[in-house]
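For reference, the chains in residue letters:
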Amino acid sequence: MPGRNWGIIVAVGALFLAGCGMVSPPQQQLKNTSRSFTTIVVDAGHGGRDSGAYRRYGPPEKTVTLDVATRLSRKLRESQFNVVMTRTNDVFISLDTRVDIENSTPNSVFVSIHFNDSRRRGVKGFETYYRSPYAAELAQNIQNRLCSIKGAVNRGVHTADYRVVRKAIYPAVLVECGYLSNRSEGHEARNGDYRELLADRIAQAIVEQRHGPGVYHAPAPAVVSQEPPPPPAQQQKRKPVLAPPGEGPGLAPPTLTGH
Ligand SMILES: [Zn+2]
């Protein structure tokens, strides 16, 4: 009975389309805050029982994502942005909770920090992903800034279906800060100065996305320096101070150059 079969096919198709609508906001719901945002939701990938990529010779991905996200948050606050971190310690946060945080933070953009993994140890480089067309420029800016690091390999900017970018209403990007499975990038990921550099380039891209080129001032101390490293007492002071999610500078003056 072909008529009945067609009815089933149409019903199943309608359900499928309804399902798609639920998992991904329709185009008209997407908000273009890519040049007006005042808040950045900084998402440290993985956490708690979800270690992410894990190699014997390096820290688990969840540890280095949290470190880069914390450094990035500090730099963005110093540039007078509000910052919401999806996690500030080693806890498991579901992807749906991360999405809820990003979509309930008004006038924001979302930046998720990850490191990559491959069975082929030779694979290395930076990749940045997005879904909303309004996030394309931010993704490209972050990728460009990361690829200005000496020796960087550019693996490109791509659209992707990762849940945190697919379900985002505001512009959302996911940054893969190199391969922990690669000997040199895994080694670099263990270095605090290198993670500071990663955070600095991502912060620069975000600040320039909002305010234009040339306005970003790397917070002191300088990240790349030819001078010998400071004594341990001074290094202690460089450690970022963790603030709970949602605590930003609030009504800080809108200047970027006053420090
Ligand atoms: Zn990851």
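Let me sum up the structure you'll find in this document. None of these values were measured; they are calculated from a predicted model.

What follows is about the sheet that holds strand S6 (residues 172–179). Read from one edge to the other, the open sheet built from six strands follows the order S2-S1-S3-S6-S4-S5, with strand pairing classed as mixed. Since the sheet does not close on itself, it has two edges, and those belong to strand S2 (82–85) and strand S5 (154–159), each with one partner. Direction aside, the axes of adjacent strands within the sheet are offset by 20 degrees on average. By the bridge criterion, four bridges tie strand S4 (residues 126–130) to S5 in an arrangement that is parallel. When the bridges of S5 are listed, Tyr130 appears paired with Thr159. On the sheet, helix H2 (residues 61–78) packs against strand S1 (39–44), S2 and strand S3 (108–116) and is oriented at approximately 145 degrees with respect to S3. Taken strand by strand, helix H4 (residues 136–146) contacts S3, S4, S5 and S6, and its axis lies near 170 degrees from that of S4.

A few words now on H4. Among all positions in H4, only Leu138, Ala139, Ile142, Gln143 and Leu146 are buried. Projected down its long axis, H4 carries its buried residues within an arc of 135 degrees, all on one side. The inward-facing, buried residues of H4 contact S3, S4, S5, S6 and helix H7 (192–211).

For Gln80, which is not a glycine, the phi torsion comes out positive at approximately 70 degrees. Note on placement: Gln80 falls in the loop between H2 and S2. Phi is positive for Asn107, which is not a glycine, with a value near 50 degrees. Within the element layout of this structure, Asn107 appears in the loop between helix H3 (95–103) and S3.

Regular strands place side chains that alternate from one sheet face to the opposite one. Among the eight residues that make up S6, eight are buried, leaving the element largely enclosed by the rest of the structure. In the sheet, S3 pairs with S6 via six bridges, with the strands oriented parallel. Counterpart to Ser112 in the pairing with S6 is Leu174. Direction of pairing for S4 relative to S6: antiparallel, over a ladder of four bridges.

Along H3, the positions that sit buried rather than exposed are Arg98, Val99 and Glu102. Down the axis, H3 shows its buried residues gathered within 100 degrees of arc, on one side only. Buried-residue contacts for H3 involve S1, S3, helix H5 (163–166) and S6.

Moving on, we get to the packing of H4 against H7. Viewed as axis vectors pointing N to C, H4 and H7 meet at an angle of 140 degrees, and their least axial separation amounts to 8 Å. In terms of orientation, H4 and H7 fall into the oblique class. Every pair of crossing elements has a handedness; the one defined by H4 and H7 is right-handed. Contacts from Glu137, Leu138, Asn141, Ile142, Arg145 and Leu146 of H4 reach H7 at Leu198, Arg201, Ile202, Gln204, Ala205, Ile206, Glu208 and Gln209. Looking at the contact of H4 with H7 residue by residue, the class counts come to seven nonpolar, three polar and four charged.

Procedures and definitions
Residues numbered from 1 in each chain as written. Predicted model: local features only at pLDDT ≥ 70, side-chain atom pairs only at ≥ 80, totals over all residues. Heavy atoms only, no water. Pairing = 2+ DSSP bridges. Helix = DSSP H or I, 4+ residues; strand = E, 2+ residues; numbered from the N terminus. Axes fitted to C-alpha atoms, helices over the stretch in contact; angles between N-to-C directions. Contact = heavy atoms within 4.5 Å. Buried < 20%, exposed > 50% of the residue type's maximum accessible area, 1.4 Å probe, protein only. Arc of directions from axis to C-beta. Parallel < 35°, antiparallel > 145°, perpendicular 65-115°, else oblique. Left-handed = near helix turned anticlockwise from the far one by under 90°. Nonpolar A, V, L, I, M, F, W, Y, C, P; charged D, E, K, R; others polar.

Keep in mind these numbers describe shape, not what the thing actually does.
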